[in-house]
Amino acid sequence: MKDLLNSIKDNHLVMIGGRPAVGKTTLSLQIIVELAKYSKCLVCSLEMGAKQIESKVISICKEQNIGYNTIKNNIVIDDCYNLTIQKLKEDCLKNKYDYVIIDYLQLLSANNKLKDRNKELSNIVKDLKQTCEELGLSIIINSMAHRDCIYRPNKEILLKDFRIDSINLFDNIIIINESDTDLKKIELYNKKRQKTELNYIWNKDKLLIVSVDISSYCIIRERMGMFVDGGIYVMNLLYSLHYYNIAACTLNWFYEPIADNKIKSFCICASAFQGNLK
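Small disclaimer: the values here were computed from a predicted structure and weren't measured. (Residues numbered from 1 in each chain as written. Predicted model: local features only at pLDDT ≥ 70, side-chain atom pairs only at ≥ 80, totals over all residues. Heavy atoms only, no water.)

(A) Up close: the overall build of the protein chain. A count of helices and strands for the protein chain gives eight helices and eight strands. Per-residue burial over the protein chain gives 38% buried out of 278 residues. Within the protein chain, counting contacts between residues at least 6 apart in sequence, those at least 24 apart form 65% of the total. Element-wise, carbon and sulfur atoms account for 53% of the exposed surface of the protein chain, whose accessible area totals about 17,100 Å². (Helix = DSSP H or I, 4+ residues; strand = E, 2+ residues; numbered from the N terminus. Buried < 20%, exposed > 50% of the residue type's maximum accessible area, 1.4 Å probe, protein only. Contact = heavy atoms within 4.5 Å. Areas by Shrake-Rupley, 256 points an atom, 1.4 Å probe, with all protein chains shown as cover.)

Right, dumping it as structure tokens:
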């Protein structure tokens, strides 16, 4: 994190790039949580709602052992979905922000509409760089890489995959490459496009599996009891997670017997492990 924070200087325009669902929003919010300790920050979310972003910020604060109440007055979350550079300038000029996050570039509206979206994005980047210099603030913007990278043997993302003619205007570029492990490969490009590779520990989303032992239901009148009891348990579990500001989504499991037995064996192993801990 220190290397990433050091890459963001005054009046800098920084891009965090990658394919969908690799953690661009999470990384940008982790950065802004650190910056909000001593600076006034604006988060412009064009994809997620303000409540979702706030929940993410709260979770990040807990992971990084930062009191949310100590920084919440320095973070303003705006989920306006029709954001333009002109609106952004007016807001920053009025509220004197030090840092701005935009999630993400491809959803920004240009001041002047063009038929060629790539040229339009290049003009947006030019306007953002001008905004940084005029208002003396730093902007971190998330950007989506084109799918060309997924057809490469190593799926490595190249700068050309962002298809932005004015990409040289970014002072620093942070690229998150896909990984199947908690260790993310992050590439940091400086203004001269010299590359530094960073290994970054990423906390993956957690999976909770709730199962019912059908041997506990013996008579015909209890044939639906497993579904009722399991549902009540899951409902209370969700309430508990919500109380601690942890977002959760429930999924039902309806699969063939072979797959069903595999998930059951996993649950049995987990139960046995918990028993050994006791």
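(B) Region of interest: the packing of helix 5 (residues 85–95) against helix 6 (residues 117–135). Following both chains from N to C, one finds helix 5 and helix 6 inclined at 15°, their axes separated by 11 Å at the closest point. Judged on the interaxial angle alone, helix 6 and helix 5 are roughly parallel. You can see that helix 5 and helix 6 cross each other, and the crossing is right-handed. Contact with helix 5, carried on its side by Ile-85, Leu-88, Lys-89, Cys-92 and Leu-93, involves Ile-124, Asp-127, Leu-128, Gln-130, Thr-131, Glu-134 and Leu-135 of helix 6 and no other residues of that element. Across the contact of helix 5 with helix 6, the residue classes tally to seven nonpolar, two polar and three charged. (Axes fitted to C-alpha atoms, helices over the stretch in contact; angles between N-to-C directions. Parallel < 35°, antiparallel > 145°, perpendicular 65-115°, else oblique. Left-handed = near helix turned anticlockwise from the far one by under 90°. Nonpolar A, V, L, I, M, F, W, Y, C, P; charged D, E, K, R; others polar.)

(C) Molecular detail of helix 5. Among the residues making up helix 5, those that are buried are Ile-85, Leu-88, Lys-89 and Cys-92. An end-on view of helix 5 places all buried positions within 100° of arc, on one side of the element. Each element contacted by the buried residues of helix 5 is listed here: strand 2 (41–45), strand 4 (99–103), helix 6 and strand 5 (138–144). (Arc of directions from axis to C-beta.)

(D) Expanded view of the side chain of Asp-161. One can find Asp-161 in the loop between strand 5 and strand 6 (172–177). Taking the relative accessible area as the measure of exposure, Asp-161 reaches 3% and is therefore buried. Of note is the side chain of Asp-161, whose polar atom sits 2.8 Å from the backbone nitrogen of Leu-158. (Polar contact = N/O pair within 3.5 Å; in protein donor to acceptor, adjacent residues only side chain to side chain.)

(E) Main features of the pattern of salt bridges. Enumeration according to the criterion identifies eight salt bridges in this entry. Across the pair Asp-148 and Arg-163 runs a salt bridge whose closest N-O atoms are separated by 2.8 Å. A residue pair is termed long-range when its members are at least 10 positions apart, and Asp-148 in the loop between strand 5 and strand 6 and Arg-163 in the loop between strand 5 and strand 6 qualify at 15 residues. Lys-195 is the partner of Glu-187 in a salt bridge, and the nearest nitrogen-oxygen pair spans 3.6 Å. (Salt bridge = Lys/Arg side-chain N within 4 Å of Asp/Glu carboxyl O.)

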